[in-house]
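Letter by letter, the chains look like this.
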Amino acid sequence: MMSLPDAGITKVVGLIEVLHDHGSEDETVKLAEYLQLDLDTLLPVVEAGEMLGFITISGGKIKLTEIGISLIGNKISERKAVIGKKVVLLEPFKKLLELLKTKKNGRIQKKTIQKILRQELPREQADKTLSKLIEWGRHVDLIGYEADSEELYLANP
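Everything numeric in this text was worked out from a predicted model, so none of it was measured. Residue numbers restart at each chain and count upward from 1, following the sequence in its written direction. Reporting of local features is limited, given that this is a predicted model, to residues whose pLDDT is at least 70; pairs of side-chain atoms are given and counted only at 80 or more, and all residues count toward the totals for whole chains, interfaces and linings. The side-chain figures draw on all heavy atoms in the structure; neither hydrogens nor water molecules are used.

**Side note on the environment of Thr28**
Strands here are runs of E lasting at least two residues and helices are runs of H or I lasting at least four, both read from the DSSP assignment and numbered beginning at the N terminus. One can find Thr28 in helix α2 (residues 28–35). The classification of residues rests on relative accessible area computed with a 1.4 Å probe and restricted to protein chains. Under 20% of the type maximum is buried, over 50% is exposed, and intermediate values are partly exposed. Owing to a relative accessible area of 11%, Thr28 belongs among the buried residues under this scheme. For the pair formed by Thr28 and Glu135, sequence separation is 107 residues and the distance between their alpha carbons is 26 Å. Contact between two residues is taken to exist if any of their heavy atoms lie within 4.5 Å; hydrogens are not considered. If sequence neighbours within four positions are ignored, Thr28 has contacts with Leu39, Leu42, Leu43, Gly60, Lys61 and Ile62.

**Here's the deal with unusual backbone geometry**
Despite not being glycine, Asp141 has its phi angle at roughly 60°, a positive value. In this model, Glu150 sits at a positive phi of 55°, which is unusual for a non-glycine residue. Residue Glu150 is classed as partly exposed on the basis of its relative accessible area, which comes to 32%.

**Comments concerning the sheet that holds strand β1 (residues 25–27)**
Whether two strands pair depends on DSSP finding at least two bridges between them. Here 3 strands make up an open sheet; going across it, the order is β1-β3-β2 and the pairing antiparallel. Every other strand in the sheet has two partners, leaving β1 and β2 (55–58) as the edge strands with one partner each. Averaged over all pairs of adjacent strands, the angle between strand axes in this sheet comes to 20°, irrespective of strand direction. Lying on the sheet, α2 is in contact with β1 and β3 (61–64); it crosses β1 at an angle near 90°. Running over the sheet, helix α3 (residues 39–51) touches β2 and β3 and is turned about 115° from β2. Only the stretch in contact is used when fitting a helix axis, every axis being a line fitted to C-alpha atoms; angles between N-to-C directions are given from 0 to 180 degrees.

**What about the pairing of strand β6 (residues 151–154)?**
Pairing of strand β4 (residues 107–109) with β6, which is carried by 3 bridges, proceeds in the antiparallel orientation. Bridge assignment links Ile108 to a residue of β6, and that residue is Leu152. Looking at chain direction, strand β5 (residues 143–146) and β6 are connected through 4 bridges and run antiparallel. If you follow Tyr145 over to β6, its bridge partner there is Leu152.

**Observations regarding the nonpolar core**
One broad trend across soluble globular proteins is that nonpolar side chains are buried collectively. In terms of nonpolar packing, the biggest core is built from 43 residues, with Leu15, Ile83, Phe93, Leu96 and Trp136 touching the most fellow members. Discounting residues that sit within four places of it in the chain, Leu15 has contacts with Leu31, Leu35, Leu42, Val45, Val46 and Ile55. Buried Ala, Val, Leu, Ile, Met, Phe, Trp, Tyr and Cys residues form a nonpolar core when they are joined through side-chain atoms within 4.5 Å.

**Considerations on helix α5 (residues 76–87)**
Residue count minus one, scaled by 1.5 Å, sets the expected span of a helix. For α5, with 12 residues, the first-to-last C-alpha span of 16 Å sits near the 16 Å given by 1.5 Å per residue. Taken together, the buried positions of α5 are Arg79, Ile83, Gly84 and Val87. Looking straight down α5, one finds that the buried residues subtend no more than 135° of arc, so they occupy a single side. In α5, the exposed positions that point more than 90 degrees away from the buried face belong to Ser77 and Lys85. On its buried face, α5 sits against α1 (9–21), α4 (66–72), α6 (91–102) and α8 (123–139). Summarising the geometry, the arc corresponds to the directions from the helix axis toward the C-beta atoms.

Here is the structure:
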C-alpha cells in the first residue's frame, strides 16, 4: 500500500499559490530558500502536491499542472471539491472508503485502520498515513473523525 506524505493539504495549497506567484514554476532549491524552509520540510509538501496531480517535478524544477493552476481562482468550497476528487483516487482512501461502506453504521475504529496499515507499511509510515487519512479526509469533507470514540465515519454517506 502507498503511504501518504507527512504534509497537510493547506501547505500544498500554499505551495500552489507561491508557485503561481513565481510564474507557475520554480527550482526546488530556490523555492525552499524563498519559503525559508529546509528541503526536508518542503519535500513532503511537494510529494503530496505531485501525488494529487497539482504539480510535477522534473530536473530540480517544480511546475504547476493545469489542474494546479485552476485551483488558484477557485473559492474554498470549489478547491475542496477538486482536491476531494483527487484524494478519493489515492489507494489508502479507496481502501478506507470501501471499509466504511461495508459497515452498517458507516463507522470504523481508528485501531482497525491502524492494524491494516501496519500490516502493509512500516509502523511509523502507517501511523503518519493514518494521521493524513484523517486530516486530508476531514479537510475535503470526505470523512469525519470522532475523537471520543476514536471512530472514522463517512461525512456524507
